[in-house]
Amino acid sequence: MKQATKPLLPGVGNYYTVKITDLNSNGEGVGRVNDFVTFIPETIPGDLVEIQISEVKKSFARGVVIRLIENSPDRICASCAVSKNCGGCQLQHMEYKAQLNWKENQVNQALQRIGKLDVLASPIIGMETPNYYRNKAQLPVGVKDDTLIIGFYRKGTHDIVDYTSCNILHPLIHKTAVAVKEVLAELEIPAYNRRTKQGILRHVIVRVSFTQAKLMVIFVTTTKTLVKQELLVEQLTNLVPELVSIAHNINPRSSKTILGRETKIVWGESYLIDTIGQLEFAISPASFFQVNPIQTEILYDKVKEYANLSGREVVWDLYCGTGSIGLYLASEAKKVYGVESLAAAVLDAEYNAKLNKRTNTEFICGRAEDVLPKYADTGEQIDLVILDPPRQGCESALLETISRLEVPKLIYVSCNPTTLARDLAYLSAHGYQVEQVQPVDMFPMTTHAECVVLMSRVKD
Ligand SMILES: C[S@@+](CC[C@H](N)C(=O)[O-])C[C@H]1O[C@@H](n2cnc3c(N)ncnc32)[C@H](O)[C@@H]1O
């Protein structure tokens, strides 16, 4: 039998010519040097590049581009001034159509390789205009050359790239970020230093309501009081009349988590209100809300289509956040239960139910894997379970419960094809069949791929 030959390791500092054939999940181009997988930042499939190897690990190497020998047909000139340094987007230099093809392919590859599933996703639904779609910016604050800067982290670091403009943020967020920077510099509020753990202001978060064109700003500080609060509020609201709410979040911990446990409104309203479809949603400073409201409506409409409710069904919306998916379906269901681990989001969900007069809903605070078995053991009817977990996917205990209960229909909304494929593989091996997979591009210019999957029970 012929032995598989080991690829010859590339040497650090050596030069090679490489054809890029794929992207990894960080948006780095993937090529092969002596058949050894090599990641090359700032390249895209189709590029032919001369590279120098910068590091060699056990299963991959990394190289830097010395010269672009041949451009990929999908390469474009990024219209964003900071795209080379900023870690927010990874694909500004790639034609949008090619981004969509790559994401669709990512989903199919995950389903086939990880999920071992013989299914093909429907063509991905992209945006007509894939810019200025984000309703939220989380801007770290720092100091450079004795000047306060706010911006985004440089790729793979905690260095801040100073904010000048952004192609994916809503224009009102841009206006606010520029104003915040001006006011903070004027008031000389000390930035928090991650290394020395000294200083006050850690992050500025800006959220916008697309439909109402109103804004909320959240200052995250290490201190219990917001320094120079009155001046800060006065100057900022003068510069940005669209501001309706200013909040203060206290985060004294040295962890990477942006928000601390305590948030108070220091000026204006407690919520921003935005509309998805026919429904209004209240968004409080700390709660999760989909960042791309235009595509969210498309995503939720797909969930509604897959749910195909008649008015007699009992629906469980697990990982429900502020209750948005469940509320979107409630007018067509007998009863909707929402389960969410974050208490503040549950309060928002209850408020949202009242706001939209959805009286057939009930929201429960707890972990989906703990709550569902407890309620299910009462023997109550469950017709549809919706799963919309964070990137790490569902706990296996939850999937076991769903399978044990023989829920007839599942809809899985996922922002991570890898964990989606893992969970679908489990469900497929435990009585379910994947009926449809619909990728929706919620995050243009980035490598993130979102999907809605319909599954039905096939085994009694
Ligand atoms: C991807 S978001 C989905 C939110 C919502 N479905 C929407 O469309 O806006 C995931 C949510 O799951 C919540 N979460 C995380 N782990 C959880 C768990 N074990 N049980 C219940 N909720 C959880 C998070 O707080 C977050 O609100």
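Everything numeric here is computed off the predicted structure, so don't read it as measured data.

Visitor: Just to check I follow, could you spell out unusual backbone geometry for this structure?
Guide: In this model, aspartate 146 sits at a positive phi of 65°, which is unusual for a non-glycine residue. The topology assignment puts aspartate 146 in the loop between β7 (136-144) and β8 (147-153). Even without glycine at this site, lysine 357 takes up a positive phi of about 50°.

Visitor: What is the right way to look at the site of the ligand in this model?
Guide: In the vicinity of the ligand there are 17 residues, among which Gln290, Tyr300, Glu340, Ala368 and Asp388 approach most closely. Between serine 324 and the ligand, the recorded distance is 3.2 Å, taken from a side-chain N or O atom to an oxygen atom. Here a nitrogen atom of the ligand and a backbone polar atom of serine 341 are 3.2 Å apart. Isolated, the ligand exposes 610 Å² of accessible area, and the fraction of that covered by the protein chains is 87%.

Visitor: Looking at this model, I keep getting lost on the domain arrangement of the protein chain. Mind explaining?
Guide: Interfaces are often sized by the accessible area lost when the parts come together. What the domain assignment lists for the protein chain is domain 1 (15-70), domain 2 (101-128 + 292-457) and domain 3 (136-276). Taking only C-alpha atoms, the centre of domain 2 and the centre of domain 3 are 32 Å apart. Every contact between the two is made by 11 residues of domain 2 and, on the other side, six residues of domain 3. Interface area for domain 2 against domain 3, summed over the two sides, is near 690 Å², with a carbon-plus-sulfur share of 82%. Inspection of the region where domain 2 meets domain 3 yields zero salt bridges.

Visitor: Just checking my understanding: could you explain the nonpolar core for this structure?
Guide: Proteins that are soluble and globular tend to have nonpolar side chains buried together. Of all hydrophobic cores here, the largest spans 86 residues; its most connected members are Leu184, Val204, Phe219, Leu236 and Ile411. With eight residues, helix α2 (residues 171-187) is the single largest residue contributor to this core. Counting only domains with at least three residues in this core, you end up with domain 2 (101-128 + 292-457) and domain 3 (136-276). Not counting residues up to four positions away in its chain, the partners in contact with leucine 236 are Ala179, Val180, Val183, Val217, Phe219, Leu243 and Ile246. Counting 36 residues, the second-largest nonpolar core is a separate cluster that includes Trp316, Leu387, Tyr412 and Leu424.

Visitor: Just checking my understanding: could you explain the environment of cysteine 86 for this structure?
Guide: With respect to the helices and strands, cysteine 86 occurs in the loop between β6 (61-70) and α1 (96-114). In this structure the C-alpha to C-alpha distance between cysteine 86 and glycine 151, which are 65 residues apart in sequence, comes to 8.7 Å. When residues no more than four places from it in sequence are discounted, the contact partners of cysteine 86 are Phe152, Tyr153, Lys155 and Val161.

Visitor: What am I meant to see in the sheet that holds strand β3 (residues 29-33) here?
Guide: By way of backbone hydrogen bonds, the strands of a sheet pair with one another, either parallel or antiparallel. Strand order in the open sheet made by the six strands is β1-β5-β6-β4-β3-β2, with mixed pairing throughout. On the outer flanks of this sheet lie β1 (15-19) and β2 (22-23), each paired with one strand and no other. Sheet analysis places strand β4 (residues 36-40) next to β6, joined by two bridges and oriented parallel. Residue threonine 38 lies in a different strand from β6, and its bridge partner there is alanine 61.

Visitor: Can you help me understand the packing of helix α7 (residues 368-376) against helix α8 (residues 396-405) in this one?
Guide: The description of two packed helices rests on the angle between their axes and on the distance between the axes. Running from N to C, α7 and α8 cross one another at 25°; their axes reach a closest spacing of 8 Å. The orientation of α7 with respect to α8, classified from their angle, is roughly parallel. Crossing angle aside, the handedness with which α7 passes α8 is left-handed. Contact residues: Ala368, Glu369, Leu372, Pro373 and Ala376 in α7; Ala397, Leu398, Thr401, Ile402, Arg404 and Leu405 in α8. Looking at side-chain class alone, the contact of α7 with α8 contains eight nonpolar, one polar and two charged residues.

Visitor: Please explain the packing of α2 against helix α3 (residues 229-239) as it appears in this structure.
Guide: Packing of α2 against α3 leaves a shortest axis separation of 10 Å and a crossing angle of 145°. As for the relative orientation of α2 and α3, their crossing is right-handed in sense. Between α2 and α3, the contacting residues are Lys175, Ala179, Val180, Glu182, Val183, Leu184, Glu186 and Leu187 on the first element and Leu231, Leu232, Gln235, Leu236 and Leu239 on the second. Looking at the contact of α2 with α3, its residues break down into nine nonpolar, one polar and three charged.

Visitor: Looking at this structure, how should I read the sheet that holds strand β12 (residues 243-250)?
Guide: Ordered in space as β9-β8-β7-β10-β11-β12-β13, the seven strands form an open sheet in which the pairing is mixed. Pairing within the sheet leaves two strands with one partner each, and these edge strands are β9 (160-162) and β13 (262-268). Adjacent strand axes in the sheet meet at a mean angle of 35°, parallel and antiparallel pairs treated alike. The strands touched by α2 within the sheet are β7, β8, β9, β10 (201-209) and β11 (214-221), with β10 carrying the most contacts at an inclination of about 150°. In the packing of α3 onto the sheet, contacts are made with β11, β12 and β13, and the angle to β12 comes to roughly 145°.

The rules behind the values
Here the residue numbering is sequential within each chain, running from 1 through the sequence in written order. For this predicted model, a pLDDT threshold of at least 70 governs which residues receive local features, and a threshold of 80 or more governs which side-chain atom pairs are given and counted, while totals over whole chains, interfaces and linings are taken from all residues. Excluded from the side-chain calculations are hydrogens and water; all other atoms, namely the structure's heavy atoms, are used. By the criteria applied, helices consist of DSSP H or I runs no shorter than four residues and strands consist of E runs no shorter than two, each listed in order from the N terminus. Distances are taken per atom, and a residue is near a molecule or strand as soon as one of its heavy atoms is within 4 Å of it. Residues adjacent in sequence count toward polar contacts only when both atoms are side-chain atoms; beyond that, a polar contact is any pair of N or O atoms within 3.5 Å, and within protein one must be able to donate a hydrogen and the other to accept it. To measure how exposed things are, a 1.4 Å probe is used in the Shrake-Rupley method; for residues, cover is taken only from the protein chains shown. The split into domains, and so the bounds of each, comes from an automatic or database assignment of domains. In this description, contact between two residues means that some pair of their heavy atoms is separated by no more than 4.5 Å. Each of two parts loses accessible area, computed with a 1.4 Å probe, when they are put together; buried area is these two losses added. Here, a salt bridge means any Lys or Arg side-chain nitrogen found within 4 Å of an Asp or Glu carboxyl oxygen. The set of buried Ala, Val, Leu, Ile, Met, Phe, Trp, Tyr and Cys residues whose side-chain atoms join them within 4.5 Å is what this entry labels a nonpolar core. Throughout, exposure labels follow a simple rule: accessible area from a 1.4 Å probe, protein chains only, divided by the maximum for the residue type, with under 20% read as buried, over 50% as exposed, and the rest as partly exposed. Between any two strands, pairing holds if DSSP finds at least two bridges. For helices, the axis comes from a line fit to the C-alpha atoms of the stretch in contact; other axes are also lines fit to C-alpha atoms, and the angle between any two N-to-C directions lies between 0 and 180 degrees. Any angle that falls under 35 degrees is termed roughly parallel, while one over 145 is termed roughly antiparallel, one within 65 to 115 roughly perpendicular, and all others oblique. Left-handed is the label given to a crossing in which the near helix is rotated counterclockwise from the far helix by less than a right angle, and right-handed is the label when the rotation is clockwise. Note that Gly is not counted as nonpolar here; it falls among the polar residues with everything else outside the nonpolar set of Ala, Val, Leu, Ile, Met, Phe, Trp, Tyr, Cys and Pro and the charged set of Asp, Glu, Lys and Arg.

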